[in-house]
Amino acid sequence: KNEVEQSPQNLTAQEGEFITINCSYSVGISALHWLQQHPGGGIVSLFMLSSGKKKHGRLIATINIQEKHSSLHITASHPRDSAVYICAVRSYNTDKLIFGTGTRLQVFP
Amino acid sequence: DSGVTQTPKHLITATGQRVTLRCSPRSGDLSVYWYQQSLDQGLQFLIQYYNGEERAKGNILERFSAQQFPDLHSELNLSSLELGDSALYFCASSVGGNGGERQFFGPGTRLTVL
């Protein structure tokens, strides 16, 4: 079993829909990152969380440390949100960054 | 533009060869991270340097080595290359060293080993 699990693996949505991507992890962490990778390959860091909730524009990220779970929400989705979303955690014990396998999102007009 | 630069953009080489990938972090950032992204294994953390010192180590092979120089740029050296080393190599930078800050990613170097 992977130390970081994401669901779903693939997600298709219509423009305007509310989207949720989930990330569960099994190790103790000092931080959790949400990354976005566009079809061209470039990676953008969306959020770094150690507790609570963060919001940036239409994106919201939450983390529940006790349940070892994080969610990334996209409100009013748009075709330009189409990308792979990757969850990564920094292990508290080893400082290693461990990545999930990503969620491929396609938003259609 | 993240402010992180990587050179070269593309690299094609043969098995057994050695290559050096270069990364310049954003101005003011002290940490540099190296990542490998291959088709079959996804993103993997290789190594982190903070202000010239190794800070954290991931799944970096013994054939690979890295360093961060006094001007904070970093180089990743890959030797005795194998076909399986073909991948996208990203570097990222952040201000601090404890992994608790947002990271800024470079555009990547695509390595093809023939």
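Here's what I pulled together on the structure shown here.

Cut-offs applied
- Here the residue index of a chain counts from 1 through its sequence in written order.
- Labels follow written order: the first chain is A, the first ligand is 1, and so on.
- A pLDDT threshold of at least 70 governs which residues receive local features in this predicted model, and a stricter bar of 80 or more applies before side-chain atom pairs are shown or counted, although totals over entire chains, interfaces and linings include all residues.
- Think of the side-chain values as coming from all heavy atoms in the structure, minus any hydrogens and water.
- Labels follow the DSSP assignment, with helices taken as runs of H or I lasting at least four residues and strands as runs of E lasting at least two, numbered in each case from the N terminus.
- C-alpha atoms define the radius of gyration, and 2.2 Å times the number of residues to the power 0.38 defines the globule rule.
- Exposure categories follow from relative accessible area, calculated using a 1.4 Å probe and restricted to protein chains: below 20% of the type maximum is buried, above 50% is exposed, and the middle band is partly exposed.
- The contact criterion used throughout is that any non-hydrogen atoms of two residues lie within 4.5 Å.
- As used throughout, the charge tally considers Lys and Arg to be positive and Asp and Glu to be negative, leaving His and the chain termini uncounted.
- Where a charge lies is defined by one atom per residue type: Lys uses NZ, Arg uses CZ, Asp uses CG and Glu uses CD.
- When DSSP locates at least two bridges between a pair of strands, those strands are taken to pair.
- In this analysis an axis means a line fitted to C-alpha atoms, helices contributing only their contacting stretch, and an angle means the value between N-to-C directions, from 0 to 180 degrees.
- Here, nonpolar core means buried Ala, Val, Leu, Ile, Met, Phe, Trp, Tyr and Cys residues that are tied together by side-chain atoms lying within 4.5 Å of each other.
- For this analysis, a salt bridge means a side-chain nitrogen from Lys or Arg found within 4 Å of a carboxyl oxygen belonging to Asp or Glu.
- A quick way to say it: buried area is the sum, across both parts, of accessible area lost when two parts are put together, with a 1.4 Å probe.
- Polar contact is defined as a pair of N or O atoms within 3.5 Å, subject to the rule that within protein one atom must be able to donate a hydrogen and the other to accept it, and that residues adjacent in sequence are counted only when both atoms are side-chain atoms.
- Under the scheme applied here, ten amino acids are nonpolar (Ala, Val, Leu, Ile, Met, Phe, Trp, Tyr, Cys and Pro), four are charged (Asp, Glu, Lys and Arg), and all others, including Gly, are polar.

Considerations on the overall build of chain A
So, point 1. Summing up its helical and strand segments, chain A has zero helices and eleven strands in all.
So, point 2. In chain A, the succession of α and β elements from N to C terminus is β-β-β-β-β-β-β-β-β-β-β.
So, point 3. Computed over its C-alpha atoms, the radius of gyration of chain A comes to 13 Å, within 12% of the 13 Å expected for a compact globule of 109 residues.
So, point 4. Taken over the C-alpha atoms alone, chain A extends approximately 45 × 25 × 25 Å along its principal axes.
So, point 5. The burial tally for chain A puts 49% of its 109 residues in the buried class.
So, point 6. Taking contacts inside chain A between residues at least 6 apart in sequence as the whole, the part at least 24 apart equals 55%.
So, point 7. Here chain A holds 10 positive side-chain charges and 7 negative ones, and the gap between their average locations is 5 Å.

Re the sheet that holds strand 1 (residues 4-7) of chain A
Note: strands within a sheet are paired through backbone hydrogen bonds, in either parallel or antiparallel orientation.
All names here are of chain A.
So, point 1. Pairing within the open sheet is antiparallel, and its five strands lie in the order 1-3-8-7-6. Each edge of the sheet is formed by a strand with only one pairing partner; in this case those strands are strand 1 and strand 6 (52-56). Ignoring which end each strand starts from, the neighbouring axes of this sheet average 15° apart.
So, point 2. In the sheet, strand 3 (residues 19-25) pairs with strand 8 (residues 69-74) via six bridges, with the strands oriented antiparallel. Following the sheet pairing, Cys23 is matched in strand 8 by Ser70.

Details of unusual backbone geometry
So, point 1. Note that the residue after Ser7(A), namely Pro8(A), is joined by a cis bond; omega there is -5°.
So, point 2. One can find Pro8(A) in the loop between strand 1 and strand 2 (10-14).
So, point 3. Each neighbour pair has its own omega, and for Thr7(B) with Pro8(B) the value is -10°, a cis peptide bond.
So, point 4. Of note, Asn51(B) is a non-glycine position whose phi angle comes to about 50°, a positive value.
So, point 5. Tracing the backbone shows Asn51(B) in the loop between strand 5 (42-50) and strand 6 (53-57).
So, point 6. Since its relative accessible area comes to 47%, Asn51(B) is described here as partly exposed.

Examining the nonpolar core
So, point 1. Ranked by size, the top nonpolar core spans 25 residues in total, and within it Leu32(A), Trp34(A), Leu72(A), Tyr85(A) and Val89(A) carry the most contacts.
So, point 2. Within the residue set of this core, elements represented by two or more residues are strand 3, strand 4 (29-37), strand 5 (43-49), strand 7 (59-64), strand 8, strand 9 (83-91) and strand 11 (103-108) of chain A.
So, point 3. By size, the runner-up hydrophobic cluster in this structure holds 22 residues, among which are Leu11(B), Ile60(B), Leu78(B) and Tyr89(B).

Some remarks on the pattern of salt bridges
Residue and element names in this part refer to chain A.
So, point 1. Here the structure, examined in full by the defined rule, presents six salt bridges over all chains.
So, point 2. Here Arg58 makes a salt bridge to Asp81, at a shortest N to O gap of 2.9 Å. Here Asp81 lies in the loop between strand 8 and strand 9 and Arg58 lies in the loop between strand 6 and strand 7, a separation of 23 residues in the sequence.
So, point 3. Residue classification places Asp81 among the buried positions, given a relative accessible area of 6%.

Quick look at the interface of chain A and chain B
So, point 1. Contacts between the two partners involve 16 residues from chain A, matched on the other side by 21 residues from chain B.
So, point 2. The junction of chain A with chain B conceals about 1500 Å² of combined surface from both sides, 57% of it contributed by carbon and sulfur atoms.
So, point 3. When residues of chain A are sorted by the area they lose upon contact with chain B, Ile43(A), Arg90(A) and Phe99(A) head the list and together hold 34% of the total.
So, point 4. At the boundary of chain A and chain B, one finds one salt bridge.
So, point 5. The partner of Asp95(A) in a salt bridge is Arg55(B), with the nearest N and O atoms 2.8 Å apart.
So, point 6. On the surface where chain A and chain B come into contact, there are five residue pairs in polar contact (both at pLDDT 80 or more).
So, point 7. Those elements that place two or more of their residues in the side of chain A that touches chain B are strand 4, strand 5, strand 9 and strand 10 (97-99) of chain A.
So, point 8. Residue contributions to the side of chain A that touches chain B peak at five residues, all from strand 4 of chain A.
So, point 9. Of the residues contributing to the side of chain A that touches chain B, the split by class is eight nonpolar, five polar and three charged.

Looking at the sheet that holds strand 7 (residues 64-68) of chain B
Residue and element names in this part refer to chain B.
So, point 1. Ordered by their spatial adjacency, four strands build an open sheet running 1-3-8-7, and the pairing between neighbours is antiparallel. With one partner strand each, in any of the chains shown, strand 1 (5-7) and strand 7 form the two edges of the open sheet. The average undirected angle you get between the axes of adjacent strands in this sheet is 15°.

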